[in-house]
Amino acid sequence: KVLLDFDQIIPIKDADDYTIKIAAKNQTETQNAEASQIRHSNRQNFWADFIEYNKNNNGLFSGSAGTTDSWLGKSIKGFSGVNINICIYNSSTRSEIYINTGDKAKNKKIFDFLLSHKIEIEQMFGEELVWQRLDDKVTCRIRIDRNDLSYLNPEHHEAIFAFFVDTTNRMMKAFTPFAKKYSKTSVWPLNLCPAKCIASFEVGAVTINLGFNSQAF
């Protein structure tokens, strides 16, 4: 039989260091979990109050469910993959048009179409927006920020609520008309249509083909 002392396998100093590292890791994980729980609770309470504010101020999010996420979204009717999002961060607040159909090329096409109407959109919105095509990413966004408001400060909540309701209502008004206009830009030229097809166009996520039976002529 070979008897080994534990100290022969792991020297005392190394064992002590290992024990200290494990204890530090456990403490860090506990602290992170507690911080995450507090953060989620703060967000959930913030959004609950915001949704209630919407009910009394004609906001878009009066029917939304609460969340622990840092954002809430509202779709634009007839514009598949294009949402109005509101985002809260530690030191800033943002309203945005967020474009994510799941297809990078299609996202850029929608963004470029909207960008071609930038002057009209910003006139309807009432002020300039930040346009981000984000060529290195799948998504695109068109945004307006308040860098002086933080949801972590309870004294800022009323101002954030007012900012969100105002900007999202104006975004819905400014961008909705371009859903119908965008669908018209997807009509195929006759020489590119499939056989027996006059035209093909998209309505939201649905492709519609208008065609004829050549045998009937």
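Note that the structure is predicted; figures quoted are calculated from it, not measured. (Residues numbered from 1 in each chain as written. Predicted model: local features only at pLDDT ≥ 70, side-chain atom pairs only at ≥ 80, totals over all residues. Heavy atoms only, no water.)

**So, helix H4 (residues 118-125)**
Just so we agree on the cut-off: Only protein chains enter the accessibility calculation, which uses a 1.4 Å probe; a residue whose area is less than 20% of its type maximum is buried, one above 50% is exposed, and one in between is partly exposed. Secondary structure elements are taken from DSSP: a helix is a run of H or I of four residues or more, a strand is a run of E of two residues or more, and numbering for both begins at the N terminus. The arc in question is traced by the directions running from the helix axis to the C-beta atoms. In what follows, residue pairs with any heavy atoms lying within 4.5 Å of each other are defined as contacts.
Along H4, the positions that sit buried rather than exposed are Ile-121, Glu-122 and Phe-125. Looking straight down H4, one finds its buried side chains confined to an arc of 95°; they lie on one side. Residues of H4 that are exposed and angled more than 90 degrees away from the buried face: Ile-119 and Gln-123. For H4, the elements touching its buried residues are helix H3 (104-115), strand S4 (130-132), strand S5 (140-146), helix H5 (157-175) and helix H6 (177-185).

**Observations concerning the packing of aromatic side chains**
Condition: Only rings of Phe, Tyr and Trp enter the pairing, Trp through its six-membered ring, and a pair is recorded when the two centres are within 6.5 Å. The plane angle decides the type: under 30 degrees is stacked, over 60 is edge-to-face, the rest tilted. By the criterion adopted, a ring carries a charge over it if an Arg CZ or a Lys NZ lies within 6 Å of its centre and within 35 degrees of its normal.
Within the structure shown, the criterion is met by 14 aromatic pairs. On the numbers, 6.0 Å between centres and 70° between planes, the contact of Phe-46 with Tyr-151 is edge-to-face. One end of the pair, Phe-46, is in helix H2 (residues 12-56); the other, Tyr-151, is in the loop between S5 and H5, with 105 residues separating them in the sequence. The class for Tyr-151 is buried, based on a relative accessible area of 4%. Aromatic pair Trp-47 and Phe-50: ring centres 5.9 Å apart, planes at 70°, arrangement edge-to-face. Here Trp-47 and its partner Phe-50 are both found in helix H2, three residues apart, which amounts to about one turn of the helix. As far as burial versus exposure is concerned, Trp-47 and Phe-50 are alike and both buried. One aromatic cluster is present, formed by Phe-46, Trp-47, Phe-50, Tyr-53, Phe-61, Tyr-151, Phe-161, Phe-163 and Phe-164 through successive ring pairs. The aromatic ring of Phe-125 is capped on one face by Arg-170, whose charged end is 4.3 Å from the ring centroid.

**Section: the pairing of strand S2 (residues 82-88)**
To be explicit about the condition: For two strands to be treated as a pair, DSSP must find at least two bridges joining them.
Counting buried positions along S2 gives six out of seven residues, so the element sits mostly inside the fold. Alignment of strand S1 (residues 71-75) against S2, held across five bridges, turns out to be antiparallel. Each residue of the ladder has a partner; that of Ser-75, found in S2, is Asn-83. Where S2 meets strand S3 (residues 93-99), seven bridges bridge the pair, whose relative direction is antiparallel.

**Regarding the packing of H3 against H6**
We count it as follows: Orientation is described by axes fitted as lines to C-alpha atoms, over the contacting stretch for helices, and by angles from 0 to 180 degrees between their N-to-C directions. Crossing chirality is assigned from the near helix's rotation relative to the far helix, an anticlockwise turn below a right angle marking it left-handed and a clockwise turn marking it right-handed. Amino acid classes used here: Ala, Val, Leu, Ile, Met, Phe, Trp, Tyr, Cys and Pro are nonpolar; Asp, Glu, Lys and Arg are charged; the rest, including Gly, are polar.
In contact at an axis separation of 11 Å, H3 and H6 are set at 115° when each is read in the N-to-C sense. The way H3 lies across H6 gives a crossing that is right-handed. Taking contact as the criterion, the partners of Lys-106, Lys-109, Ile-110, Phe-113 and Leu-114 in H3 are, on H6, Phe-178, Lys-181, Tyr-182 and Thr-185. Here the residues of the contact of H3 with H6 are counted per class, giving five nonpolar, one polar and three charged.

**As for the environment of Phe-61**
Residue placement: Phe-61 occurs in the loop between H2 and S1. Taking the C-alpha atoms as reference points, Phe-61 and Ile-51, ten residues apart in sequence, are found 5.9 Å from one another. Filtering out sequence-adjacent residues up to four positions away, Phe-61 remains in contact with Phe-50, Ile-51, Asn-54, Leu-72, Gly-73, Lys-74, Ile-84, Ile-86 and Thr-168.

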